[in-house]
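Results of the structural survey
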Amino acid sequence: ALDHFAFNGERSAELWSQRYYEDTTLWGGPGHPVFLSLGGEGPVGGPPSGLQRELAATRRAALISLEHRFYGESRPTADMSSTALRHLSAEQALADAAQFVEWWSASHSSPDSAWVAWGGSYSGQLAAWLRLRYPAS
C-alpha cells in the first residue's frame, strides 16, 4: 500500500511493487528461519551474502533483501515531488516490511518460520524498530 495508515478505501486503490531479492538455496523449507536484510538509503543489488550467507548455511535459512520505498526500483509514485515524498517515512517502511513478511510467509506456506531482520545504520534502526512495532513479523 502506498499509505498503510490511510482509510481502507484509499489504501486498496494505491498499490505498488516493492523490489526484493531472495535466495532459498540454503533454506530448509517451512519452519526454518528467514533472514531479512532491510534496505536503506540506496538500491538493493541482490540477496544477502558474506557473513549473513554463512550464518544462513548453518541455520538452513532463506536470505531476502527488501528494498526501501523510493530507492532503487521501488518507486511507489510516478515522481519525487514533495507531495509524493510525504509517503517516505520510517513508519511506512516498517509497515512495508511487516506486510512483506506476511505475504512471503503465506506464499511459501511458512507461517511458523522465524524472521531475523538486520541492516546497517538507518536500516539497522529499522530492523530494531520492526521488532518493537511488529513483534509477530
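Our structure is the block above this text.
The following paragraphs examine the structure supplied in this document. As the structure is a prediction and not an experimental result, all values here were calculated from the model.

**Some points on the environment of Pro135**
For Pro135, the location among the structural elements is in the segment after helix 4 (122–133). C-alpha of Pro135 to C-alpha of Ser105: the two residues are 30 residues apart in sequence and 15 Å apart in space.

**Remarks on a nonpolar patch on the surface**
Together, Met80, Leu85 and Leu88 line one region of the surface with nonpolar side chains, adding up to about 220 Å² of accessible area. Position of Met80 relative to the elements: it lies in the loop between strand 3 (62–66) and helix 3 (90–107).

**Details of the sheet that holds strand 4 (residues 115–118)**
Strands sit in the order 1-3-2-4 across an open sheet of four strands; the sheet is mixed. Here the strands that pair on one side only, and so sit at the sheet edges, are strand 1 (20–23) and strand 4. For this sheet, the mean inter-axis angle between neighbouring strands, taken without regard to orientation, is 20°. Sheet analysis places strand 2 (residues 34–38) next to strand 4, joined by four bridges and oriented parallel.

**A closer look at the pattern of salt bridges**
Within this structure, the stated rule accounts for four salt bridges. When the shortest N-O distance is used, the salt bridge between Asp23 and Arg53 registers 2.5 Å. Here Asp23, found in strand 1, pairs with Arg53, found in helix 2 (residues 51–59); they are 30 residues apart in sequence, far enough to count as distant. Accessibility expressed as a relative area gives 29% for Arg53, which makes it partly exposed.

**Let's talk about the packing of aromatic side chains**
Applying the stated rule across the entire model yields six aromatic pairs. Taking the centre distance of 5.7 Å and the plane angle of 45° together, the rings of Phe100 and Trp103 count as tilted. Taken together, the residues span about one helical turn, with Phe100 and Trp103 both in helix 3 at a distance of three residues. Phe100 gets classed as buried once you look at its relative accessible area, which sits at 8%. Assessed through its relative accessible area of 42%, Trp103 is described here as partly exposed. What links up through ring pairs into an aromatic cluster is the set Tyr20, Phe100 and Trp103.

**A few points about the pairing of strand 3**
The element strand 3 is largely enclosed, with a buried count of five among its five residues. Residues Ala62, Ile64 and Leu66 line one face of strand 3 and the alternating positions Leu63 and Ser65 line the opposite face, and both faces are buried. Judged from the five bridges that link them, strand 2 and strand 3 form a sheet pairing that is parallel. Within strand 3, the residue paired with Val34 across the bridge is Ala62. Between the parallel elements strand 2 and strand 3, the chain passes through helix 2 in a crossover that is right-handed.

**Observations concerning helix 4**
Residue pairs three or four apart in sequence face the same way in an α-helix, which turns once every 3.6 residues. A rise of 1.5 Å per residue sets the reference length of helix 4, with its 12 residues, at 16 Å; its end C-alpha atoms lie 16 Å apart and thus fit the reference within 8%. When we look at burial in helix 4, the residues that qualify are Ser123, Leu126, Ala127 and Leu130. The arc enclosing the buried residues of helix 4, seen along the axis, measures out at 105°, which places them on a common side. Set apart from the buried face of helix 4 by more than 90 degrees, the exposed residues are Arg131 and Leu132. Taken together, the buried residues of helix 4 touch strand 2, helix 3 and strand 4.

Criteria and thresholds
- Residues numbered from 1 in each chain as written.
- Predicted model: local features only at pLDDT ≥ 70, side-chain atom pairs only at ≥ 80, totals over all residues.
- Heavy atoms only, no water.
- Helix = DSSP H or I, 4+ residues; strand = E, 2+ residues; numbered from the N terminus.
- Patch = residues over 30% accessible without salt bridge, like charges linked within 9 Å, V, L, I, M, F, W, Y side chains within 5 Å.
- Areas by Shrake-Rupley, 256 points an atom, 1.4 Å probe, with all protein chains shown as cover.
- Salt bridge = Lys/Arg side-chain N within 4 Å of Asp/Glu carboxyl O.
- Pairing = 2+ DSSP bridges.
- Axes fitted to C-alpha atoms, helices over the stretch in contact; angles between N-to-C directions.
- Buried < 20%, exposed > 50% of the residue type's maximum accessible area, 1.4 Å probe, protein only.
- Phe/Tyr/Trp six-rings, centres within 6.5 Å; stacked < 30°, edge-to-face > 60°.
- Right-handed = clockwise from strand over helix to strand, strands pointing away.
- Expected span 1.5 Å × (residues − 1).
- Arc of directions from axis to C-beta.
- Contact = heavy atoms within 4.5 Å.

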